[in-house]
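Per-entry structural report
The chain contents come next:
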Amino acid sequence: MLSKILNIFGIHPKKLVPLSAADIVQRSREANHVLEWSRGKKLTIFNPPFWGIHHIFIDHKLQHGMICVKQDRSAFVFYGNAYGPYRWEKYDDDLNVIDRGLIETQELTWLIYQDYIIYNGPMLPATNKPYHWGRVIQVDSFNEEIDETWALHIIPYIKETANDCQ
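All of these numbers come straight from a predicted model, not from anything done at the bench.

Things to note about the pattern of salt bridges
Under the definition given, this model contains eight salt bridges. The salt bridge involving Arg27 is made with Asp115; its shortest N-O contact spans 2.6 Å. On the criterion of sequence distance, the pair formed by Arg27 in helix H2 (residues 21-28) and Asp115 in the loop between strand E7 (109-112) and strand E8 (116-120) is long-range, its members being 88 residues apart. On the basis of relative accessibility, which here comes to 24%, the residue Arg27 falls in the partly exposed class. Residues Glu89 and Arg100 are paired through a salt bridge, measuring 3.4 Å at the closest nitrogen-oxygen approach. Taken together, the residues Glu89 in strand E5 (residues 84-91) and Arg100 in strand E6 (residues 97-102) connect sequence positions eleven residues apart. In this structure Glu89 comes out as buried when scored by relative accessible area, which is 2%.

The rules we used
- Throughout, a residue's number is its position along its own chain's written sequence, starting from 1.
- Only residues with pLDDT of at least 70 are given local features in this predicted model, and only at 80 or more are side-chain atom pairs given and counted; all residues enter the totals for whole chains, interfaces and linings.
- To obtain the side-chain values, all non-hydrogen atoms of the structure were included, while hydrogens and water were left out.
- The working definition used for a salt bridge is a side-chain nitrogen of Lys or Arg within 4 Å of a carboxyl oxygen of Asp or Glu.
- Every helix listed is a DSSP run of H or I at least four residues long, and every strand listed is a run of E at least two residues long, numbered separately from the N terminus.
- For the exposure calls, accessible area comes from a 1.4 Å probe over protein chains only, and a residue counts as buried if that area is under 20% of its type's maximum, exposed if over 50%, partly exposed in between.

Remember that the coordinates give geometry; whether it matters functionally is a separate question.
Now the structure itself:
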């Protein structure tokens, strides 16, 4: 009711999140379709602010890898599946592993859609919103397999691409 009154006066309240709970329930019916669509894809994502522009890679076996290159040129890599990551690594600018760890179930989750990614879990910074989200800004094909050495040759490519955009 309040939104209708505000709309009459030309006031459009800013949505806190792009997808409502009803949108998420509706989209869950298409989860298998989106999962198949995601095979062999590299998704470039804008937001949440603590990750900025980052990338999720999904190989043909549905293994997932997320890479976030930080401003100091260090990089976080998360390895997981369609529901979220199960381990992470942090690399310095010279690609030396400086930290790593395991992620408990539900500590960090992601829901991947063709246009948005929804992130949730206690591992993320606190928010007054129901979830953190990122917008998919580019989709490319990805024909590699995500394994133990995969990140070592992808991170330099991402850094080089980021430099070209500056």
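Next comes the rest of the description.
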